[in-house]
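Residues per chain are reported as follows:
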Amino acid sequence: YVTNTEGEYLAHPDRQKLMGVSPKKFTIQDEFPKSLEVIEGDRRKLLTETADGKIISYLSLPFDPLNPERLIGIGLTAKRDVLLADIHNLQTQNALSALFLVFVSAIVAAIFGRMISGPVVRIAELAQSLPEQTDISDLPTHRNDEIGILAHSLERLVMHVQEEDWLNKGQL
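Residues numbered from 1 in each chain as written. Predicted model: local features only at pLDDT ≥ 70, side-chain atom pairs only at ≥ 80, totals over all residues. Heavy atoms only, no water.

Draft legend 1. Representation of a nonpolar patch on the surface. Residues F100, L101, F103, V104, I107, V108, I111, F112, M115, I116 and V120 make up a contiguous nonpolar surface patch of roughly 1000 Å² in combined accessible area. Mapping I111 onto the fold places it in helix α3 (residues 80-128). (Patch = residues over 30% accessible without salt bridge, like charges linked within 9 Å, V, L, I, M, F, W, Y side chains within 5 Å. Areas by Shrake-Rupley, 256 points an atom, 1.4 Å probe, with all protein chains shown as cover. Salt bridge = Lys/Arg side-chain N within 4 Å of Asp/Glu carboxyl O. Helix = DSSP H or I, 4+ residues; strand = E, 2+ residues; numbered from the N terminus.)

Take a look at the structure:
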């Protein structure tokens, strides 16, 4: 529904109730008496239930900057049971969307976790197997982050241990 300042219908589902279509004057306050509080200016908005189970939301807004007392009213109605069913459907959709986002987030976290922890685990395994294992060819030294720095440090350590081992064998 759209109304003017006096509550006369400018838009209504029943075209016969529009201002100027019928000689009879139809107003929103006739159809929804509580809307009179908005029309008279006591309130700017209203949310109420009618006796026949309709929920009405009605709001008045100024539309004329030169005459702010001129208002346009906007109203929406819905049957209570339809509105509650729509609310339930919306809640269900929100819950499913939230579950989907949690699921996608868990997958993304697992992928990034493996991307980060995989090289760290490999470096740790290599460090634990020293000095028996000296093959460092698969260290991620090509990376330009903290993992690459750690891999370079371990590579230098292994080379230093190998040099020390070679020097010690040469002295025997």
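Draft legend 2. Main features of empty space enclosed by the protein. Counted by the stated rule, this structure contains 1 cavity of 30 Å³ or more. By volume, the largest cavity amounts to about 40 Å³. Around the largest cavity, the lining residues are N4, T5, V38, I39, Y58, S60 and L71. Here the residues of the lining of the largest cavity are counted per class, giving 4 nonpolar, 3 polar and no charged. (1 Å grid on protein atoms, 1.4 Å probe; cavity = no way out; pocket = protein on both sides within 12 Å on 5 of 7 lines; lining within 4 Å. Points joined across faces, edges and corners; volume = space filled by probe spheres on them. Nonpolar A, V, L, I, M, F, W, Y, C, P; charged D, E, K, R; others polar.)

Draft legend 3. A look at the packing of aromatic side chains. This model, assessed by the stated rule, comprises 2 aromatic pairs. Both rings, one in Y1 and one in Y9, keep their centres 5.7 Å apart while their planes meet at 40°; by these two values the pair is tilted. Summarising the burial analysis for this pair, Y1 and Y9 share the class buried. Taking 5.7 Å as the distance between ring centres and 70° as the angle between the ring planes, the aromatic pair formed by Y1 and F32 counts as edge-to-face. In this pair, Y1 is assigned in the segment before β1 (2-3) and F32 in the loop between α1 (28-31) and α2 (36-39), connecting sequence segments 31 residues apart. Each member of the pair Y1 and F32 is classed as buried. Among the aromatic residues, those joined into a ring-pair cluster are Y1, Y9 and F32. (Phe/Tyr/Trp six-rings, centres within 6.5 Å; stacked < 30°, edge-to-face > 60°. Buried < 20%, exposed > 50% of the residue type's maximum accessible area, 1.4 Å probe, protein only.)

Honestly, it's all geometry; don't read function into it.
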